[in-house]
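For reference, the chains in residue letters:
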Amino acid sequence: MQIELRDIHKTFGPVHANAGISLIVESASILGILGENGAGKSTLMKILSGFQDPDQGSILLDGKAEAIRSPADAIRLGIGMLHQDPLDFPPLKLVDDVILGSPGPLRPDRRKTVLQMRELSGRFGFDLEPDSYVDTLTVGERQQLEILRLLWMGARVLILDEPTTGISLPQKEKLFATIKKLASEGMTVLFVSHKLEDVQALCDRAVVLRQGVLVGGQEKPFDTKALVGLMFGKELPKSERAKVEAGATVLSTRNLCLDSIRLQIQGLDFSVCSGETIGLAGMEGSGQALFLSACAGLERAVSGCVSLGERDMTRSSHHDFKRRGVAYLPAARLEDGLVPGLSLSDHFVLAEGSRGPGASRALFIDRKKAAERAAARIASYNIKGRPESPVESLSGGNQQRALLALLREELLLILVEHPTRGLDIESTAYIWGKLKERCAKGAAIVFISSDLDEILQYSDRVLVFFSGRVSPPLDAESFGVEELGRLIGGSGWERFDTAETQHSSQAERGAVHA
Amino acid sequence: MTTGMLLIGLAGVLASAGPLVFAAIGEAITERAGITNLSMNGLILLSAMGGFATALATKSVVMGFLAGAAIGGAVSAIVAFSSITLKQSQVAVGFVLALLCRDLSYFLGNPIMGMPGPRLSIAPIPGLRDIPMLGVLFFRQDVMTYASFALIAAAGLYINKTRPGLVLRGLGEKPAAAYARGANVSRLRYFYTIAGGALAGLAGPMYSLSIKAGWKGTITGLDGMGWIALAITIFGGWSPFKVALGAYLFAFLQWLGLVLQSAWPSVPSQVLQVAPFPLMILTLLFVNMGNAEWVETSLAKLPEKPRRVVAKALRAINVKPPAALGTPFEKD
Amino acid sequence: MLRHSMPSSRGTKALFQFGAVILALVLATLVLIATGAPPFAAYGSIVKGAVGSWGVASDTVVAWVPLLLVTAGLLVTFTVGLWNIGIEGQITLGAIFATWALRSLDGGQVDPGLAITIAFAAGMAGGALWAMLVGALKTFGGVNEIFGGLGLNYVATALNIWLIFGPWKRPGIASMSGTLPFDKAYWLPTVNEQSRLAPVALIVAIVAIVLIFLLIQGTYFGLKLKAVGKNPKAAFLLGIPTWQYLMASFAICGALAGLAGAVQVTAVYHRLIPSISSGYGYLGLMVAMLVGYSAVWAAPVALFFAALNVGAIQLPITLKLDSSLSGVIQGTLVLFVILAEGLRGRIMGKKGRAGS
């Protein structure tokens, strides 16, 4: 089935997620859709699969305009979407998961479905036992199940959203073989990914989205440099960067192993010194958030150790970390970092109450003093709000300033998830100004960002994350956007395989710059 | 006690458990769809009173049961509206309705208190009634008790063996996935909340038209059954068969209390009457044990082999609620 | 997205709540008419039964005391986001502990003031203990506090009955009227011979609600409770040990509930009776829900609810109506306020989105 998207527009508040996107996908072909986080890929696919309505634009299937108002419509038209986190039902058996939602008689014929499942499994080399339970499957197997289900339902279009996150290499190879086979049999495939290597290996064509716009495309064979350029933009002239005197090691990890549902980080040796800024680059879900949480004591290590200076903190709680001068700023400012319903003044009172040994032990809150202190902080951080403003009424930028203002004066280490996500240039510069002030006072900063320019501009060293693999610390001054982009997309990691052993011994000796 | 007396006693247990079977299975269906209907206690009392009043006025037991179901459905509709459309706390609205319907039943039922009314009669099944032992137990009951047996089978069949039953299970597990498969989550949740409530609404008249016929106000002895039904729903892991088992267990404990009364006259009767309640609810601790965080973390610390064994044992006794129970669904 | 400025949103909230109250009264009136009862005569009877004479007025205040204590405690658990349905059992355990204390001191030559103080303290300890048991079940057993509380309510009732009919029974035949009354010296002094109103109890209740108001609104502890209740994740990141605060709020609420039980035992009944908690726990939950968990309105609304309950006692006599009419009015009020809040959210939410 040929798909045409014509002039699709979708806005969420101030964000123009899709700005006039038009593209055509022929049947029996595989189209790769590339782009950074927030480029608009998910929104576009949600529109095609019926989860969202476009504000403007139309969708044509085989030349005929169709209205896709809900997932049910999409299913009916033969469009199947494999979500990044497969939408399946863990406590059910595989066969039941497949049958759920399909049209048919009151009593589903399980036996027939099992046979059909086995036949499809055999055709594509899947190893799925229909009578087993969904929650016993690995992520890769759940994907296979979902593809099986979509095929069984008669999908003629397959949308795959970041399917290779969290699956093993043999599973990925099997997946690609399956997709190629399906395409050769007439399926239209849309492959959304940030992984350059995958797109290059699998797709016939690739298009790149950036900030809601379709900025370009290529046919096979692909020019990596050009693709990276389209995805991440041009190099910016480097701004002057203050040389910071790095001091003693603030935090270090040795042989750290972390486990989450989708990925594992193995044997990570890392250290950061006071005054240093380290940026964690990589696509979301590559392990940076997991690692950052571990540095804050919010995530328990499977093995290895985390130390603050000389002190082993591997078994310590987050509050122990806090007491020793570690601060953690979450990405979801209102959901995780602030308390909706409480005012700015309240937040300052709460933050002050749990400060070090000199905390006020009084029973009652001196409201006037609290308001004064709050007003002072608001002024010094330029927050657009009053002490009694509820935090949910602040804009994103002001919420971030508030989070910064809540930090203690003397901090050892600041861990920030996406410090400037969704903020305008002015707020971004301001936030970084405040953070760098702290660096000058000796604090170390480790931050996550999807914005490569931000990473390169503010970090002293950069770690790139890809599917749980971590690069050794890279010197931000000598790396460029293009090279980083490649690493983020998964290519160019071979150079670390021999160098890695050198790096870990260097880190042990406490060397600072690569 | 002779075998004959024992059998009759047990047959009575099956009959007195009937209301609980209806209520608990009704709630299990509602909760499988993802909604908690905490109004159960008040709903049952109100439907018992309303069913009896209707039967009294129309001189028809059938009308009484229909009225009970209608009342159950109506009360549940309020719960559904507040939870699904208005997205308010399910606990809050359920709890208020539990108290409100209870007081409504006492207030509206005042005039008919103590009046004699129509009773559901025993309807032994010819032929089957004479089977030794089983005949006394199962086939000399009234119509609604037969219906309760049938309900267990029907509900089990529906949930496990039909297409819509599968969708029901999906609703409470991952409504987002059910939505992705084309289900109208809100509409279905409304349906199952009201349907479950209507089933529970049959429990009340079963009591006031059969087991302890008539409406006796605060001495009815029906107060508390709704809370027990809610507990049994959890105890039975939201599965009709296990839920029914819980209902029979509870009724058996109550009967046992009466029997032991004569054996232990020193123990106050009220204690034995009340005892099954905490026993049932405290078993929730046992079956919920596997969900506690500290259990999970200590489990993770065990080496591979013993961990598998313990995990399997926990899985057998443990009940995991429908993952999306109590959370509103945002289509987003 | 900016919210509406404070005054207008408070205004619409009050408007919706007012509408809810009116609708609830209309519905209650309709129910009365449907049963053929004269609605205004019924309301009049309730009013007369609550404040018509000094006798009933003092009874209203007597009912107000435990209700106010319980509501004060529940405000704490609601602030931290808990549904403390186990409150009834906490009242009962307080009563049991207080009875135990007085029975142990009975016959001794202990100064009555001291004895009653000990009884109050014992009651608070018993209630707090019972509440923390619910908390422990939740924190360590993963048992939802609603069902844990319900279960323990039944255990408390069973314990109470066993004590009254067992170890603490009256000599001779155990009776539903409870244990043997305490020595008169240990009765909390009342206003006069006819009334059951003890000024001490009233003062304790008022002090309690004031203290709770100050605690929640004015202290660091109260602010931290609010944070845990509104966003436990953020509260944790801000450095608050969430589970400790949950347990602390259970303890405070249980202590106040236990105090209510102790008051009932020492001031009103002077002995332990089977239905010592009298439904005050559930009623307190309703009051708390109605006042939106804010301490300012707790006292007057609790007084109103107490008046409804006491006033309705006359209904069977004057109009042959069941006294549960008070419960009907109370329940309808709370239900409609909940629905009104939901409707307001839906209507205002749509408006807000259209505007932005």
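Because the structure is a prediction, the values reported are computed rather than measured.

## A few points about the overall build of chain B
Alright, step 1. Scanning chain B for helices and strands turns up 15 helices and zero strands.
Alright, step 2. Across the 332 residues that make up chain B, the buried fraction comes to 53%.
Alright, step 3. Sequence-distant contacts, at least 24 apart, represent 78% of the contacts inside chain B between residues at least 6 apart.

## What to know about the packing of helix H3 (residues 61-85) of chain B against helix H9 (residues 185-211) of chain B
Between two packed helices, both the angle of their axes relative to each other and the distance between the axes serve to describe the pair.
All names here are of chain B.
Alright, step 1. At their nearest, the axes of H3 and H9 sit 6 Å apart, and the two run at 145 degrees to each other. Crossing angle aside, the handedness with which H3 passes H9 is right-handed.
Alright, step 2. Per-class residue counts for the contact of H3 with H9 are 17 nonpolar, 11 polar and one charged.

## Some points on the interface of chain B and chain C
Alright, step 1. Taken together, the contacts link 36 residues of chain B with 40 residues of chain C.
Alright, step 2. Among the secondary structure elements, those contributing two or more residues to the side of chain B that touches chain C are helix H4 (90-109), helix H10 (225-235), helix H12 (269-274) and helix H13 (276-288) of chain B.
Alright, step 3. If one sorts the elements of the side of chain B that touches chain C by residue count, H4 of chain B sits on top with 13 residues.
Alright, step 4. Looking at the side of chain B that touches chain C residue by residue, the classes come out as 28 nonpolar, six polar and two charged.

## Quick notes on the nonpolar core
Nonpolar side chains tend toward joint burial in soluble globular proteins.
Alright, step 1. In terms of nonpolar packing, the biggest core is built from 375 residues, with Leu415 of chain A together with Leu20 and Val96 of chain B touching the most fellow members.
Alright, step 2. Looking at this core, the element that brings in the most residues is helix H10 (residues 242-269) of chain C, giving 17 residues.
Alright, step 3. Residues in contact with Leu20 of chain B, not counting those within four places in the same chain, are Met225, Ile228, Ala229, Ile232, Ala247, Phe250 and Ala251 of chain B.

## A look at the sheet that holds strand E7 (residues 157-161) of chain A
All names here are of chain A.
Alright, step 1. Strand order across the open sheet formed by six strands is E6-E7-E8-E3-E9-E10, with mixed pairing between neighbours. Each of the sheet's edge strands pairs with one partner strand only, and the pair in question is strand E6 (79-82) and strand E10 (213-219). The mean inter-strand angle of the sheet, taken between neighbouring strand axes irrespective of direction, is 20 degrees.
Alright, step 2. In this sheet, strand E9 (residues 205-210) lies alongside strand E3 (residues 30-34) in parallel orientation, the contact comprising four bridges. Each bridged residue has a counterpart across the sheet, and for Gly32 the counterpart in E9 is Ala206.

## Regarding the environment of Gln2 of chain A
Residues and elements named next belong to chain A.
Alright, step 1. On the secondary structure map, Gln2 appears in the segment before strand E1 (3-12).
Alright, step 2. In this structure Gln2 comes out as partly exposed when scored by C-beta crowding, with 16 C-beta atoms within 10 Å.
Alright, step 3. Considered as a pair, Gln2 and Gly490 are 488 residues apart in the sequence and their alpha carbons are 31 Å apart.
Alright, step 4. If we ignore the near neighbours within four places in the chain, the residues touching Gln2 are Ile24, Val25, Glu26, Ser27 and Asp62.

## Quick word on unusual backbone geometry
Residues and elements named next belong to chain A.
Alright, step 1. Cis peptide bonds are those with omega within 30 degrees of zero, and the linkage from Lys220 to Pro221 qualifies with -5 degrees.
Alright, step 2. Examined against the element boundaries, Pro221 turns out to sit in the loop between E10 and helix H8 (224-232).
Alright, step 3. Positive phi, normally seen in glycine, also occurs at Ala28, with a value near 60 degrees.
Alright, step 4. On the neighbour-count criterion, Ala28 (15 C-beta atoms within 10 Å) is partly exposed.
Alright, step 5. Look at His418: it is not a glycine, yet its phi comes out positive at around 55 degrees.
Alright, step 6. Considering the arrangement of structural elements, one finds His418 in the loop between strand E17 (413-417) and helix H15 (425-440).
Alright, step 7. We classify His418 as buried; it has 23 C-beta atoms within 10 Å.

## Focus: the sheet that holds strand E12 (residues 264-273) of chain A
Residue and element names in this part refer to chain A.
Alright, step 1. Strand order in the open sheet made by the four strands is E12-E11-E14-E15, with antiparallel pairing throughout. Each edge of the open sheet is held by one strand with a lone partner, namely E12 and strand E15 (311-312).
Alright, step 2. By the bridge criterion, five bridges tie strand E11 (residues 249-259) to strand E14 (residues 303-308) in an arrangement that is antiparallel. Note on E14: the bridge partner recorded for Ser252 is Ser307.
Alright, step 3. The strands touched by helix H9 (residues 288-295) are E11, E12 and E14; relative to E11, the strand with the most contacts, the crossing angle is about 125 degrees.

## Focus on the interface of chain A and chain B
Alright, step 1. Taken together, the 16 residues of chain A in the interface contact 18 residues of chain B.
Alright, step 2. Elements that contribute at least two residues to the side of chain A that touches chain B include exactly helix H2 (71-77) and helix H3 (94-99) of chain A.
Alright, step 3. In terms of residue count, the dominant contributor to the side of chain A that touches chain B is H2 of chain A (three residues).

Reading guide: rules and limits
- Residues numbered from 1 in each chain as written.
- Chains lettered and ligands numbered in written order.
- Predicted model: local features only at pLDDT ≥ 70, side-chain atom pairs only at ≥ 80, totals over all residues.
- Helix = DSSP H or I, 4+ residues; strand = E, 2+ residues; numbered from the N terminus.
- Buried ≥ 20, exposed ≤ 12 C-beta atoms within 10 Å, placed from the backbone.
- Contact = placed C-beta atoms within 7 Å.
- Axes fitted to C-alpha atoms, helices over the stretch in contact; angles between N-to-C directions.
- Left-handed = near helix turned anticlockwise from the far one by under 90°.
- Nonpolar A, V, L, I, M, F, W, Y, C, P; charged D, E, K, R; others polar.
- Core = buried A, V, L, I, M, F, W, Y, C linked by C-beta atoms within 7 Å.
- Pairing = 2+ DSSP bridges.

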